[in-house]
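# A structural walkthrough
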Amino acid sequence: MYIQKIPRVESYTNDCKYKIQKLSGSCETRRVELWAHEQRHSATPLRRGLCDLPMRLVQFHRHGDEGVRVGVEQNEGLDVVDLRAFDPSMPSTMKELLELGDQGLDCARRALSSGQGVLKRSDVRLLSPILAPEKVVCVGLNYRDHCLEQNAPIPKEPIIFSKFPNAITGPYNDIILPSESQEVDWEVELAFVIGRRGKHIKEEEALNYVAGFMVANDVSARDWQMKRNGKQWLLGKTFESFCPLGPALVTTDSVRDPHKLGIRCLVNGDSVQSSNTDQMIFKTEALISWVSKFVTLTPGDVFLTGTPPGVGVFRKPPVFLKKGDVVECQIDQLGSIVNKVV
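Quick look at the structure, then. (Residues numbered from 1 in each chain as written. Predicted model: local features only at pLDDT ≥ 70, side-chain atom pairs only at ≥ 80, totals over all residues. Heavy atoms only, no water.)

## Overview of the environment of K293
The topology assignment puts K293 in the loop between α8 (284-291) and β16 (302-304). What makes K293 partly exposed here is its relative accessible area of 44%. Along the sequence, K293 and K199 sit 94 residues apart, while their C-alpha atoms lie 6.5 Å from each other. When neighbours within four sequence positions are excluded, K293 is seen to be in contact with K199 and H200. (Helix = DSSP H or I, 4+ residues; strand = E, 2+ residues; numbered from the N terminus. Buried < 20%, exposed > 50% of the residue type's maximum accessible area, 1.4 Å probe, protein only. Contact = heavy atoms within 4.5 Å.)

Right, here's the structure in full:
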């Protein structure tokens, strides 16, 4: 048993019709399709991120109730405001909340400020901040010091691969060792989540499409990644439980600079990775712009941005995870996730 460690646009053209529905006692708002289309496809940058109030958004179960709910932490590791307790019209998943755009985040902000619907931290179990995204986009060899660790050349363009969404697990759930692999390894990573639909996104506008950041562990079966399956990475990366995420989706405006964050991984309390996100070769903006050349990004899409040096496979001799190990991934300003290996 583990203890959990602890652009808004207000100007419209005169001919742009819109409608706001206000339900009695509800903060739900709706705008017509024309407004939504303009927001999604406007070439004008809105602002850095989707939210103008720092928030730590979470998904959780209440003890005794397996239904998924969305909430806001009052602060890292503190009590949680249940959004549906504040407003029953609010959605029950983070993906649905992000699909509402500014309206959903405005409601979350009001819920946090209200002091209503507060649940004791001991009464909730945190889930991954995102479940069942359309895409889990991963980036290989994206830290300079990680390239040096393995004598690999610095990539000239992002190396993109993916995980299946069912690899996602919660910030304090177990990592399950598959019987098919004997070489399971750790990789602490900075993750971010897309908050707006977009294609062919300009790099200078890319942060407007980010809902927030979180901690990830890109758990990897090195035998399948490096020796099997034609050395294609997918199978070695996508066993179930191989993508712990959390503990919260920290909104973009809460993070001073996502590319100047200390990033660490500990195994059984011993430091195995320690670096800084300033070592990233392709930053958040470049990754969004690059990937959106090929696919349309949608709210809830998850990006894992690469790992620093210190992974087990490049140690001498190599070190891999075994049953009973505890892996803790930490990133400054975002928090930590702790997963036992079983």
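## Focus: the packing of aromatic side chains
Per the stated rule, a full pass over the model turns up 5 aromatic pairs. Both rings, one in F192 and one in F303, keep their centres 4.6 Å apart while their planes meet at 15°; by these two values the pair is stacked. Here F192 is found in strand β10 (residues 188-194), whereas its partner F303 is found in strand β16, with 111 residues between them in sequence. Cluster of aromatic residues (ring-pair linked, three or more members): F192, F213 and F303. Over the ring of Y209 we find R196; its NZ or CZ atom is 4.4 Å from the centre of that ring. The ring of W224 has R228 lying over it, and the distance from NZ or CZ to the ring centre is 3.9 Å. (Phe/Tyr/Trp six-rings, centres within 6.5 Å; stacked < 30°, edge-to-face > 60°. Lys NZ or Arg CZ within 6 Å of the ring centre and 35° of its normal.)

## A look at helix α4 (residues 102-114)
With 13 residues, α4 should cover 18 Å at 1.5 Å per step; its first-to-last C-alpha distance of 18 Å lies within 8% of that length. Taken residue by residue, α4 has D102, Q103, G104, L105, D106, C107, A108, R109 and A111 as its buried positions. Phi turns positive, to about 75°, at G115, one or two residues after α4. (Expected span 1.5 Å × (residues − 1).)

## Considering the sheet that holds strand β15 (residues 270-276)
Two orientations exist for strands paired in a sheet by backbone hydrogen bonds: parallel and antiparallel. The 4 strands are arranged β15-β14-β17-β18 in an open sheet whose pairing can be described as antiparallel. Looking at which strands have only one partner, the edges of the open sheet turn out to be β15 and β18 (335-340). Strand-to-strand twist of the sheet, defined as the mean angle between neighbouring strand axes without regard to direction, takes the value 10°. Inspection of the sheet shows strand β17 (residues 326-331) paired to β18 by 6 bridges, in the antiparallel sense. What sits directly across from Q330, in β18, is S336. (Pairing = 2+ DSSP bridges. Axes fitted to C-alpha atoms, helices over the stretch in contact; angles between N-to-C directions.)

## Digging into α8
The element α8 is extensively covered by neighbouring structure, given that 6 of its 8 residues are classed as buried. Every buried residue of α8 is listed here: T284, A286, L287, I288, S289 and V291.

## Comments concerning unusual backbone geometry
The residue after G246, namely P247, is reached through a cis peptide bond having omega -10°. Relative to the assigned elements, P247 resides in strand β13 (residues 243-251). For the peptide bond that leads from K316 to P317, omega is 0°, which places it in the cis range. Checked against the element boundaries, P317 lands in the loop between β16 and β17. In this model, L141 sits at a positive phi of 50°, which is unusual for a non-glycine residue. Position of L141 among the secondary structure elements: in the loop between β6 (136-140) and α5 (144-149). Despite not being glycine, N268 has its phi angle at roughly 55°, a positive value. Mapping N268 onto the fold places it in the loop between β14 (262-267) and β15. N268 gets classed as partly exposed once you look at its relative accessible area, which sits at 42%.

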